[in-house]
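Below are the chains, spelled out letter by letter.
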Amino acid sequence: MELYTIVIILLAIAIGVSPIASKIKLPYPILLLAVGIAVGFIPGFNGISINPEVVFLIFLPPMLYDAAYNIDYKEFRANLQTISALAISLIFVTVAGIAVVVYYCIPGMTWPLAFVLGAILSPPDAIAASGVTKGLNLPHRTNVVLEGESLVNDASALVALRFAVAAVAGGSFVLWEAGLMFIVSLLGGLLVGWVLWVVFIFTVRKQRFHENVTVSLNLLIPFVAYLVAEEFHVSGVMAVVTIGLFISGHKNKFSRQVRVQSKSIWDTTIFMLGGLIFILIGLEFPHILKEIPTDYIWPLISSALLIFLVALVVRVLFVFWNKASVDRRIRDMQKREADITERIQNDERMLALQQQNTPKACRKIEAMQHNHERLLKRLQYLREYKPLSLKECVIIGWSGMRGIVSLAAAMSLPLVMENGMEFPHRGIIIALTVVTVVLMLLIQGLGLPLLIKWLKIEQ
């Protein structure tokens, strides 16, 4: 069959599976994954392979933009500290944890190759997170943290992967260079997103009476942001997320007709892309199994299961450690706030007793009050911030499914390095990635509704 015929058939399957998933109360992506695995064994469908360029350009920008556009911006900003820890610190901890397991458990793996696989499997996927958790009645803040984390973590993982691949090719790894590259990539993506937001809102104001033009630009902007950022060698992911958050925070600048029309088009587009993605992941599983020698299949599955368990344990431990760290910081800051308040009262009492009304004393009082107000303003958020509960930590720790980004990253590994030699163990890395992603989606995706029911979590 022709490729476009297969794609149309897969889209039809994705649309037809949706009501079945609702009827049997199974997460829609998990059922699609199972259907994709089954379809992959049918002759004519097992030749489909994931093209990383298509994923990074066609699938990733609209999915990230839609998630950023629909996220609760205020809640995202309120939980930015937790989201940043999960999206940056946890990524590098996970890379190291997976690398250690791969190096000591898989024969022939060097440290650079182990870090390549660790970087590929480190970022939880925005598409998987939103797809699996949608309809499970999770607390609003838990959804925001999970989606916010998966919006930002791709930039961290892709920078780590770039350095790991360079190390495999014989390049040296310098920590300060990696850190500088990460900061430049992150800030560059933010800058590109902001500049395009300014251009976009200026264009919208000029075309305020042309709803179709505004809707069309809204559909086009994530692809433009990604391409422009990648052209400047900065994070396309951050550019898309940045402009999505900016537009989300200024929805009132659009007419009601534009908002309704954009939402309708985006909902349909994301539904079809999301369905196609999970079927493609399932299709890749039997395709990989057929390329692996029979005697290596079970060791491969065992290694993938071990990687999955290590990634899960590292994530759960990090989430609880981060909660303890945030709780301790809040207690320290609250104590500081109490000390500042007491100091203000003591100073005001002392100045009142002295009854000084000289210009110098008045300036001193004003400076003191200004300083205290500035400090109290910085601590004000503590009175409103509610730390994550233990149940929320359990759900967030369990919900770190990997998905299409990890598969695309594995497929994007070069066939031949700059020195003309083949990229070592490329097939094994891709196979481990596919099997691990499938295990994560099946085990964590099927276990999440049961975990929510067991914890008695309510919306």
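Above this text sits the structure in question.
Residues numbered from 1 in each chain as written. Predicted model: local features only at pLDDT ≥ 70, side-chain atom pairs only at ≥ 80, totals over all residues. Heavy atoms only, no water.

### Topic: the packing of aromatic side chains
Note the threshold: Pairing of aromatic rings covers Phe, Tyr and Trp, the last counted by its six-membered ring, and requires centre-to-centre distances within 6.5 Å; plane angles under 30 degrees mean stacked, over 60 mean edge-to-face, and any other angle means tilted. Burial classification: accessible surface area is computed with a 1.4 Å probe over protein chains only, and a residue below 20% of its type maximum counts as buried, one above 50% as exposed, and the rest as partly exposed.
In total, this model carries 9 aromatic pairs according to the counting rule given. Judged by centre distance (5.0 Å) and plane angle (85 degrees), the rings of Tyr 103 and Tyr 104 are edge-to-face. Overall, Tyr 104 belongs to the exposed group, its relative accessible area being 61%. Clustering of aromatic rings is evident, with ring pairs tying together Tyr 103, Tyr 104, Trp 111 and Phe 115.

### Thoughts on helix α6 (residues 111–120)
One turn of an α-helix holds 3.6 residues; hence residues three or four places apart share an orientation. Keep this limit in mind: Each helix corresponds to a stretch of at least 4 residues labelled H or I by DSSP, and each strand to a stretch of at least 2 residues labelled E; elements are numbered beginning at the N terminus.
Summarising burial for α6: 7 of the 10 residues are buried, a large majority. Along α6, the residues classified as buried are Leu 113, Ala 114, Val 116, Leu 117, Gly 118, Ala 119 and Ile 120.

### Examining the side chain of Ser 150
Definition in use: Identification of polar contacts relies on pairs of N or O atoms within 3.5 Å, with a donor-acceptor requirement for protein atoms, meaning one able to donate a hydrogen and the other able to accept it, and with residues adjacent in sequence counted only if both atoms are side-chain atoms.
As for its position among the elements, Ser 150 is in helix α8 (residues 140–168). Here the side chain of Ser 150 touches Glu 147 through a polar contact of 3.0 Å, landing on its backbone oxygen.

### Considering a nonpolar patch on the surface
Formally: Every patch collects residues that have over 30% relative accessible area and no salt bridge, joining them within 9 Å if they carry like charges and within 5 Å if they are nonpolar side chains (Val, Leu, Ile, Met, Phe, Trp, Tyr). Per-residue and other accessible areas were derived by the Shrake-Rupley procedure at a 1.4 Å probe size, with only the shown protein chains allowed to occlude residues. Each salt bridge in this description consists of a side-chain nitrogen of Lys or Arg and a carboxyl oxygen of Asp or Glu lying within 4 Å of one another.
Among the surface-exposed residues, Val 100, Tyr 103, Tyr 104, Trp 111 and Phe 115 lie close enough to one another that they form a single nonpolar patch of about 480 Å² accessible area. Of all the secondary structure elements, the ones that give two or more residues to the nonpolar patch are α5 (80–105) and α6. Tallying contributions element by element places α5 first for the nonpolar patch, with 3 residues. Within the element layout of this structure, Trp 111 appears in helix α6.

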